[in-house]
There are 2 protein chains.
Amino acid sequence: MLKRVKAFAPATVANVSCGFDIFGLALEHPGDEIVLNLKDEPGIRINRIYGDNGKLPKEADKNTAGIAIMSFMKYLQLELGLEMELHKGLPLSSGLGSSAASAVAALKGLNFLLNEPLSNKELIPFALDAEQAISGTGHADNVAPSLLGGFVIVRSYDPLDVVKLNVLDDLYCVVIHPDIEIMTKIARDILPTQVNLKDAVRQWGNIAGVVAGLLNNDYDLLSRSMNDIIVEPVRAELIPYFYEVKKSALSVGALGCSISGSGPSIFALCKTRTVAEIVGKKMKEIYEERNIKNQLYISGINNKGAIAEQIE
Amino acid sequence: MLKRVKAFAPATVANVSCGFDIFGLALEHPGDEIVLNLKDEPGIRINRIYGDNGKLPKEADKNTAGIAIMSFMKYLQLELGLEMELHKGLPLSSGLGSSAASAVAALKGLNFLLNEPLSNKELIPFALDAEQAISGTGHADNVAPSLLGGFVIVRSYDPLDVVKLNVLDDLYCVVIHPDIEIMTKIARDILPTQVNLKDAVRQWGNIAGVVAGLLNNDYDLLSRSMNDIIVEPVRAELIPYFYEVKKSALSVGALGCSISGSGPSIFALCKTRTVAEIVGKKMKEIYEERNIKNQLYISGINNKGAIAEQIE
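Along every chain, residues carry numbers that run from 1 in the direction the sequence is written. Labels are handed out in written order, letters beginning with A for the chains and numbers beginning with 1 for the ligands. This being a predicted model, a pLDDT of at least 70 is required before a residue's local features are given, and a value of 80 or more before pairs of side-chain atoms are given or counted; all residues contribute to the totals for chains, interfaces and linings.

**Q** What is the right way to read the relation of the copies chain A and chain B from this model?
**A** Superposing the two chain copies requires a rotation about an axis and a translation along that axis. Mapping chain A onto chain B calls for a screw motion: a turn of 180° about the axis and a shift of 0.0 Å along it, with 0.0 Å RMSD after fitting. This pairing of chains is accounted for by a two-fold axis. Note on contacts: each residue gets a C-beta atom placed from the backbone, and two residues are in contact if those atoms are within 7 Å. Most of the interface of chain A is mirrored in chain B, where 100% of its interface residues again form contacts. Residues below a pLDDT of 70 in either copy are left out; the C-alpha atoms of the rest, at least 70 in both, set the least-squares superposition of the copies.

**Q** How do you make sense of the interface of chain A and chain B when you look at a structure like this?
**A** How big an interface is tends to be stated in terms of accessible area lost as the parts join. Taken together, the 34 residues of chain A in the interface contact 34 residues of chain B. The set of elements that each furnish at least two residues to the side of chain A that touches chain B consists of strand E5 (151-157), strand E6 (160-165), strand E8 (194-196), helix H6 (197-215) and helix H7 (219-225) of chain A. For helices the rule is a DSSP run of H or I covering at least 4 residues; for strands it is a run of E covering at least 2, with both sets numbered from the N terminus onward. Residue contributions to the side of chain A that touches chain B peak at 13 residues, all from H6(A). Residues that form the side of chain A that touches chain B fall into these classes: 19 nonpolar, 11 polar and four charged. Throughout, the ten residues Ala, Val, Leu, Ile, Met, Phe, Trp, Tyr, Cys and Pro are labelled nonpolar, Asp, Glu, Lys and Arg are labelled charged, and all others, Gly among them, are labelled polar.

**Q** Would you mind showing me how to read the packing of helix H3 (residues 120-135) of chain B against helix H4 (residues 140-148) of chain B here?
**A** How two helices sit against one another is set out by the angle between their axes and by the gap between those axes. Residue and element names in this part refer to chain B. Contact pair H3 / H4: the axes reach a minimum separation of 9 Å and the direction vectors enclose 140°. One finds that H3 runs oblique with respect to H4. Handedness of the crossing formed by H3 with H4: right-handed. Packed against H3, whose contacting residues are Asn-120, Lys-121, Leu-123, Ile-124, Ala-127, Leu-128 and Glu-131, the element H4 presents Ala-140, Val-143, Ala-144, Leu-147 and Leu-148 at the interface. Grouping the constituent residues of the contact of H3 with H4 by class yields nine nonpolar, one polar and two charged. Fitting a line to C-alpha atoms yields each axis, with helices limited to the stretch in contact; the angle taken between N-to-C directions then spans 0 to 180 degrees. Note that the term roughly parallel is reserved for angles under 35 degrees, roughly antiparallel for angles over 145, roughly perpendicular for angles of 65 to 115, and oblique for everything else. Handedness of a helix crossing follows the sense of rotation of the near helix relative to the far helix, less than a right angle counterclockwise being left-handed and clockwise being right-handed.

**Q** Is there a simple way to explain the sheet that holds strand E7 (residues 171-178) of chain A in this structure?
**A** Sheet strands pair by backbone hydrogen bonding; their relative direction is either parallel or antiparallel. Residues and elements named next belong to chain A. For two strands to be treated as a pair, DSSP must find at least two bridges joining them. Here four strands make up an open sheet; going across it, the order is E9-E10-E7-E11 and the pairing antiparallel. In this open sheet, the two strands that pair with only one neighbour each are strand E9 (256-259) and strand E11 (294-300). Neighbour to neighbour, the strand axes of the sheet diverge by 20° on average, direction disregarded. Bridge analysis of E7 against E11 gives seven bridges, and the strand direction is antiparallel. Opposite Pro-178, over in E11, you have Asn-294 as the bridge partner.

This is the structure we're talking about:
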């Protein structure tokens, strides 16, 4: 049996404009890395967390990585001793699936350590348990793409039914994270509980268009379909200068631009890295000019998802 | 210039379960046929209508075929003399796009007669004008598949944006038309104007699943996705024995079963003709046992759409 593994789980963009709670995609980077050490004495211990500015709990039963591991071990009826080191590569509360990435990295690592008793899809419920425990809602639109990679459709939550679509190499994602905090709970609480049937119909036309655009590599269609008339208009209010950022991204060739997950990160899809770099520069300018701290990421779409490997 | 053409436009299944107002597919048969004769004296005349039991108006400005032709000629700034013969192959008010098929056949015929100045997609608005005039709403989910064939996504109505997906040869559609009448207007009036966001999310998961299932030829996914939780439950009340028919279709292997358009026809998608024939037999039994007159159609999906040819 392996003793020491490390695992990486990528950041994810959930919703991807019109697909609230059902679409998500994985980035190449940033992501979270976890090192797992098998120990003789039972229990889960988080030894160190890097990159969180001391904000995350080290108690395993309060940390998303620890909760996911415990849920997985309970399922396997195992009582292992595990020490963890968590390297946060992605910002907290950024709308990039930070808690999901930690949980996914931990699960991927443990599954690898155990010689892969479960498939990636079978690991999803344990990460959802962790999301549920931390935020009160277990949404698969970050967890599933972080594990599986690619562009993911969460067709159904009950029963869980997740479909992965591979994405072409020339599709790039620009993400800008303005350094302000939006609590996921608030971003959910401001959503309407009811929508007009007419608006729902417009939204599902766009959803169908996004899927057909991706599968037929029809980026014009993808671009025309990246419209969210239900969630984006409400959540945009929580993100300073959202519309300026979006407008500037589209003005230099982004296929589409919207809020990543519940924000505050804003993402844009672009054809080719060259376009993505120009778009990123324009998006960043909006916040720089207004002295708002921000991080910019430019990444291909990660078709592999989370990975694990032996170390030492 | 040609003098005499005939055109055929197929019946269509709109909504295709979860895709209210955005999905439609074309059948190989039944369909409407129109013969157009170019005449010297201007004006549109409908000489004969077969197969409508005398129910359709012969005045060109009241008949969907005539209205569509007039809208097209107005656009072209033409004043032709045309005599038409309409052969109704599909039942009226059946939920199979009867009025759309007549309009589409007329447009396809005239476009052919004029040496195809417009593409099929460009003909859509004239058929919508006719639908609007006849029923008060111009929905493209019958018109577009009848013209283009295949499985059609109406991504957007304003501007009109229609995407055609080709469907594999092994997909068959069973349609049963119980001989009762449901006015499209009533079927629309009973719809809710608002839906729960939660239900909308479930619906768009299924919509994404239908598109991915069709494009990846993943019929299991297509089958799991053919769930309409918003419109079908309301309209099913208007169709006698709907749930019995659906249950019997699914019990013998239909991939999915729902209401065709606004009903009363019920359709089922099946993999292979053999399954479709078994499914059709079971569906028909429900109505036969209850002495309800009905027509059964078993057809492949029509990837060609409307066709026109010269005659004589």
